[in-house]
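Structure at a glance
Chain residues, written in single-letter form:
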Amino acid sequence: MNQHMPPEPVPFIDIGAQRRRLGKAVDIATKRVLDHCQFISGPEVAQLEAMLSDYCGARHVITCANGTDALVMVLMAIGVGPGDAVICPSFTFCATASPVARTGGTPLFVDVDETTFNMTRASLERGIAAARKLGLKPRAVIPVDLFGQSADHDGIGELARAEGLLVVDDAAQSFGATCRGRRLGTLADVTTTSFFPAKPLGCYGDGGAIFTDDDDLANTLRSIRVHGQGTDKYDNIRLGMTGRLDTIQAAVLIEKLKIFDDEIAARNEVADRYTRGLGNDVIAPYVASGNTSVWAQYTIRLPAGADRDGFAAALKAQGIPTNVYYAKSLHQQTAFRDFPIAGAGLPVSEQLSRDVISLPMHPYLDEATQQRIIEAVRGALST
């Protein structure tokens, strides 16, 4: 009697395939750290910072413990506190806004564009007006480069300069992407990113980095990273934190950065195959003119009236995982619902939270497996 075998599961993000490709390179790199035993601020940290600077063109790179700390450090450095408003998109991960509240400021949530999922100049303008109406001082804006592509940094930057706001770019999902030929890391006053393992450039633990051309800001950030140190760690000239990237993670990232451009190209091939195969069945993600994406996620919108839970269950039954980023926008979540929004509501963010769903995406998704996913998506939508 034949038994029905469950379908082979598909990885949502295949870190193992990348590990096999890197082979002994990571083993050699981490062994080097184990041999010299400089686990904190070892030579690989400075080497990685120099490589990241060369890669994106930023004058200063300050590595740190994670992407959330990167934002906290920046807000601490510019002195965000009570009475200050920082404009944030609502359709993003909580780590964009929580650093604002943690430093005493007020995150003020704005809506996003329904095609790129990112903040626009118009939404920033509404946010600034809302902040002033509430008696708050607009201090900064955190445009998020969601799912792998840049926000409208030209429009946002121009308005921010006119209004005296610092642009703090949250590029946690998009390091390596470009906007009008320039890599993220140089398009805002200061840029932050995350090296969480699932990111396009990820380490084997937590990690992050801050990018800026501002010499004074860079010096302040380096001080904050080590308890607010001055001439040495026992000379504390400001409040700081323990925000360092450990040396082993730096060693891993050095090896991963060497293959990063090749992986970005592969991610774009995967995205192109998805769009060709599904463009008539779902609302495929849109990359704005002049932008490139590193495709941290391939996020589709289901047709009107589709049962998202049923769709996900149908794919899961065939061994295909999905994720919803984000089932609730930030202004709808318990931790943030008492913070202000621009306008009477944020309808685009709320609609996206109802109908987006992400499919498996990584550089090692082969064509045959991807075709299986595409056929499963079509089948789930036709039932």
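Residues numbered from 1 in each chain as written. Predicted model: local features only at pLDDT ≥ 70, side-chain atom pairs only at ≥ 80, totals over all residues. Heavy atoms only, no water.

**Description of the overall build of the protein**
The following threshold applies: In DSSP terms, a helix is any run of H or I states spanning at least four residues, a strand is any run of E spanning at least two, and both are numbered starting from the N terminus. For this measure, only C-alpha atoms enter the radius of gyration; the expected value for a globule follows 2.2 Å times N^0.38, where N is the number of residues. Remark: exposure states derive from per-residue accessible area (1.4 Å probe, protein chains only) relative to the maximum for the residue type, with buried under 20%, exposed over 50%, and partly exposed in between. Contacts are assigned to residue pairs with any non-hydrogen atoms lying within 4.5 Å of each other. Surface exposure here means Shrake-Rupley accessible area, sampled with a 1.4 Å probe, where a residue is shielded only by the protein chains that are shown.
Looking only at helices and strands, one finds 13 helices and 11 strands in the protein. Taking 21 Å as the expected radius of gyration for a compact globule of 383 residues, we find that the protein reaches 21 Å, a close match to that expectation. Its C-alpha atoms put the protein at 75 × 60 × 35 Å along the principal axes. Split into buried and exposed, the 383 residues of the protein put 55% on the buried side. Taking the contacts inside the protein whose residues are at least 6 apart along the sequence as the reference set, 73% of them involve residues at least 24 apart. Surface accessibility of the protein: about 16,600 Å² in total, with carbon and sulfur atoms responsible for 51%.

**Quick word on the side chain of Ser123**
By secondary structure assignment, the location of Ser123 is in helix α6 (residues 121-133). On the accessibility criterion, Ser123 (2% relative accessible area) is buried. Not counting chain neighbours up to four residues away, the residues in contact with Ser123 comprise Val110 and Asp111.

**A word on empty space enclosed by the protein**
Under the convention used in this document: The rule is simple: put a 1 Å grid over the protein atoms alone, call a set of points where a 1.4 Å probe fits but cannot get out a cavity, call an open set with protein on both sides within 12 Å along at least five of seven lines a pocket, and count a residue as lining if it has an atom within 4 Å of a point. Grid points are joined across faces, edges and corners, and a volume is the space filled by probe spheres set on the points. Lys, Arg, Asp and Glu make up the charged group, whereas Ala, Val, Leu, Ile, Met, Phe, Trp, Tyr, Cys and Pro make up the nonpolar group; the residues left over, Gly among them, are polar.
Under the defined criterion, the tally for this structure stands at three cavities of 30 Å³ or more. In this structure, the largest cavity is lined by 15 residues; those nearest its centre are Ile13, Ile15, Gln18, Lys199 and Arg267. Elements that contribute at least two residues to the lining of the largest cavity include exactly α1 (15-22) and α10 (260-278). Tallied by class, the residues present in the lining of the largest cavity amount to seven nonpolar, three polar and five charged. Computed from the structure, the second largest cavity encloses a volume of approximately 90 Å³. Leu146, Phe147, Gln149, Pro285 and Trp295 are the residues nearest the centre of the second largest cavity, which is lined by 14 residues in total. Residues belonging to the lining of the second largest cavity are distributed by class as follows: seven nonpolar, seven polar and no charged.

**Considerations on the layout of surface pockets**
As a volume, the largest pocket reaches approximately 520 Å³. Taken together, 25 residues form the lining of the largest pocket, with Phe93, Ala172, Ser194, Phe196 and Lys199 sitting closest to its centre. Of the residues in the lining of the largest pocket, the class split is 12 nonpolar, 10 polar and three charged. If you trace the second largest pocket, you find 16 residues lining it, with Ser150, Ala151, Asp152, Ala288 and Asn291 closest to the centre. For the lining of the second largest pocket, a count of residues per class yields four nonpolar, eight polar and four charged.

**What to know about the pattern of salt bridges**
For clarity, the threshold we go by: Definition used for salt bridges: Asp or Glu carboxyl oxygen within 4 Å of a side-chain nitrogen of Lys or Arg.
Per the counting criterion, the structure on display carries 13 salt bridges. Notably, a salt bridge pairs Asp262 with Arg21, separated by 2.6 Å at the nearest N-O pair. Here Asp262 is found in helix α10, whereas its partner Arg21 is found in helix α1, with 241 residues between them in sequence. The partner of Asp154 in a salt bridge is Arg180, with the nearest N and O atoms 2.6 Å apart. With Asp154 in helix α7 (residues 153-163) and Arg180 in the loop between β6 (178-179) and β7 (182-183), the pair connects residues that are 26 residues apart, well separated along the chain. By relative accessible area, Asp154 is classed as partly exposed at 41%.

**Thoughts on helix α3 (residues 43-56)**
What counts here: Expected span, for any helix, means 1.5 Å times one less than how many residues it has.
Between the first and last C-alpha of α3 there are 21 Å, a value that for 14 residues agrees with the 20 Å anticipated at 1.5 Å per step. Taken as a whole, α3 has its buried residues at Glu44, Val45, Leu48, Glu49, Leu52, Ser53, Tyr55 and Cys56. Just past α3, the residue Gly57 takes up positive phi, approximately 95°.

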